[in-house]
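Chain and residue survey
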Amino acid sequence: MPRRSRESTIEEKRRMRNQRRKRKRLSRTAREKENREMRTRKERDAYPWRKYRNTKSGPPSCKFATLQPISEKELILGQGSYGRCILKSFKRLNVLVVEKQCLMQSTKEMTLTHKNIPAIIGIQLEREPISLVKEFQGEENTSTTVKKVNSSLTSKDWLIICHDITDALAHIHSKGFLHCGLKSNNVLVTDKHGQIIDFRKACDSSFPPAKKYTFHYRHIAAEVLNGTHCSKASDVYSLGQILHEVATKQEIPMLLVNAQKCLDHKGTNNNRTNGITGLFNM
């Protein structure tokens with residue numbers, strides 16, 4: 001075979017070099033695009049309602065001016081690393097509401113409609129931080145969680161409260177979501193009824209998160225602490241911790257039996273769900 005000329009060899013090398021440069025440019029462009037999309041996702045997750053600013057769809061908007069403080073000093077119902085809950089008056093409806101300043105908040109709560117889950121009235125988008133406006137569940141301008149209840153409730157009252165939160169959790173699961181943060185501080189007691197709150201960790205049950213914890217949290221199932229993804233069974237375990245706390249403090253043997261079923265350490269849906277079934281049948 002005839003040897004290739006010097007010019008053809010140089011041309012071949014130049015062509016291969018140009019192809020390598022093109023691949024590098026495409027790879028760099030793809031990485032930059034991926035980084036931009038990641039930043040956009042993080043911003044959208046931090047402020048999930050920004051997309052409704054210039055659209056007519058989505059949850060109803062609450063004007064900042066319609067939310068009035070009920071006293072000269074802000075009445076803070078609760079606060080944490082994800083924002084504050086402030087009691088205010090909603091002028092348009094003339095009712096008390098909770099303005100939850102949302103640094104992060106799950107949008108899953110918007111699709112839930114249940115008597116034992118506080119209803120969302122709207123979203124305040126005019127000022128930062130964006131806030132979620134929800135109906136107020138409490139008495140005398142205060143909200144009390146299961147952990148802080150000091151009133152003289154009877155065993156029957158506590159069974160009703162436990163039934164309420166169990167029913168609400170079953171509703172959450174029926175809609176295809178997981179709460180992922182159920183604990184006694186996230187259950188309100190109002191007028192002898194229970195209300196589940198704080199959905200910032202809620203997720204789609206089809207795509208549950210997984211995280212290995214370095215600290216032990218009593219309300220989180222053992223398999224989730226070890227890095228397994230959240231599930232309905234782990235939510236039921238968290239429910240069992242609440243039931244166990246109530247049953248122990250109030251000395252309700254019947255409730256304690258169902259709490260133990262929810263706390264089944266085998267981590268299976270069937271075994272733990274038996275605790276919910278038993279509570280519904282009480």
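Computed from a predicted structure; not experimentally measured.

**Considering the nonpolar core**
Counting residues in hydrophobic clusters, the biggest one holds 29 residues, and the most contacted among them are Trp158 and Ile196. In terms of residue count, the dominant contributor to this core is helix α2 (residues 155–174) (7 residues). Sequence-distant contacts of Trp158, that is, excluding residues within four places in its chain, are made with Val146, Val149, Leu153, Val246, Gln250 and Ile252. In terms of nonpolar packing, the next biggest core, distinct from the first, is built from 10 residues, Cys203, Val224, Cys230 and Tyr237 among them.

**Examining the pairing of strand β6 (residues 131–135)**
Among the 5 residues that make up β6, 4 are buried, leaving the element largely enclosed by the rest of the structure. Strand direction decides the pairing type here: strand β4 (residues 95–101) and β6, joined by 5 bridges, are antiparallel. Within the sheet, the bridge partner assigned to Glu99 lies in β6 and is Val133. Both strand β5 (residues 120–124) and β6 contribute to a ladder of 4 bridges, which runs antiparallel. Across the sheet, residue Ile123 finds its bridge partner in β6, namely Leu132. Here β5 folds back onto β6, and the loop between the two strands holds 6 residues.

**Observations concerning the environment of Thr154**
Relative to the helices and strands, Thr154 resides in the loop between β6 and α2. What makes Thr154 partly exposed here is its relative accessible area of 42%. Sequence-wise, Thr154 and Gln250 are 96 residues apart; in three dimensions their C-alpha atoms are separated by 8.4 Å. Polar side-chain contacts of Thr154 include one of 3.0 Å to the side chain of Asp157.

**Structural notes on the environment of Thr113**
Residue position: Thr113 is located in the loop between β4 and β5. Taking the relative accessible area as the measure of exposure, Thr113 reaches 66% and is therefore exposed.

**A short note on unusual backbone geometry**
Even without being glycine, Lys192 reaches a positive phi, approximately 65°. By secondary structure assignment, the location of Lys192 is in the loop between β8 (187–190) and β9 (193–196). Given a relative accessible area of 44%, Lys192 falls into the partly exposed group. Phi angles above zero are rare outside glycine, and Glu251 is one such case at about 55°. Within the secondary structure, Glu251 sits in the loop between α4 (232–250) and α5 (253–262).

**Some words on the confidence of the model for the protein chain**
Here the protein chain shows a mean pLDDT of 80. Residues at 70 or above account for 79%. Segment residues 46–57: pLDDT under 50, and 28 contacts once partners within four positions in sequence are set aside and those in other chains are kept.

**A few points about the state of the cysteines**
All chains considered together, the criterion is met by 0 disulfides. In this model Cys203 remains outside any disulfide bridge; the closest cysteine sulfur is found in Cys180, 3.6 Å from its own. The class for Cys203 is buried, based on a relative accessible area of 10%.

**What to know about the packing of aromatic side chains**
Considering all chains together, one arrives at 1 aromatic pair under this definition. When the ring of Tyr213 is compared with that of Tyr217, the centres are 5.8 Å apart and the planes differ by 75°; the resulting orientation is edge-to-face. On the basis of relative accessibility, which here comes to 22%, the residue Tyr213 falls in the partly exposed class.

**With respect to the pattern of salt bridges**
As enumerated under the stated definition, the model contains 7 salt bridges in all. With a shortest N-O distance of 2.8 Å, Glu11 and Arg14 are connected by a salt bridge. Taken as a pair, Glu11 and Arg14 lie in helix α1 (residues 6–46) at a separation of 3 residues, close to a single helical turn. Here Glu11 falls in the partly exposed class, since its relative accessible area comes to 45%. Given a relative accessible area of 35%, Arg14 falls into the partly exposed group. Put simply, Glu245 and Lys249 hold a salt bridge, and the shortest N to O gap is 3.6 Å. Of this pair, Glu245 and Lys249 both sit in helix α4, separated by 4 residues, roughly a single helical turn. Judged by its relative accessible area of 54%, Lys249 is exposed. Salt bridges sharing partners connect three or more residues here, namely Lys100, Asp198 and Arg200.

**A few points about the packing of α4 against α5**
Two numbers describe how α4 lies on α5: the axes approach to 8 Å, and their chain directions differ by 155°. As the angle between them shows, α4 and α5 are arranged roughly antiparallel. Taken as a pair, α4 and α5 cross one another with a handedness that is left-handed. Side by side, α4 and α5 meet where Val236, Tyr237, Gly240, Leu243, His244, Val246, Ala247 and Thr248 of the first sit next to Leu255, Leu256, Ala259, Gln260 and Cys262 of the second. Class assignment for the residues of the contact of α4 with α5 results in 9 nonpolar, 4 polar and no charged.

Analysis parameters
- Residues numbered from 1 in each chain as written.
- Predicted model: local features only at pLDDT ≥ 70, side-chain atom pairs only at ≥ 80, totals over all residues.
- Heavy atoms only, no water.
- Core = buried A, V, L, I, M, F, W, Y, C linked by side-chain atoms within 4.5 Å.
- Buried < 20%, exposed > 50% of the residue type's maximum accessible area, 1.4 Å probe, protein only.
- Helix = DSSP H or I, 4+ residues; strand = E, 2+ residues; numbered from the N terminus.
- Contact = heavy atoms within 4.5 Å.
- Pairing = 2+ DSSP bridges.
- Polar contact = N/O pair within 3.5 Å; in protein donor to acceptor, adjacent residues only side chain to side chain.
- pLDDT = per-residue confidence, 0-100.
- Disulfide = S-S within 2.5 Å.
- Phe/Tyr/Trp six-rings, centres within 6.5 Å; stacked < 30°, edge-to-face > 60°.
- Salt bridge = Lys/Arg side-chain N within 4 Å of Asp/Glu carboxyl O.
- Axes fitted to C-alpha atoms, helices over the stretch in contact; angles between N-to-C directions.
- Parallel < 35°, antiparallel > 145°, perpendicular 65-115°, else oblique.
- Left-handed = near helix turned anticlockwise from the far one by under 90°.
- Nonpolar A, V, L, I, M, F, W, Y, C, P; charged D, E, K, R; others polar.

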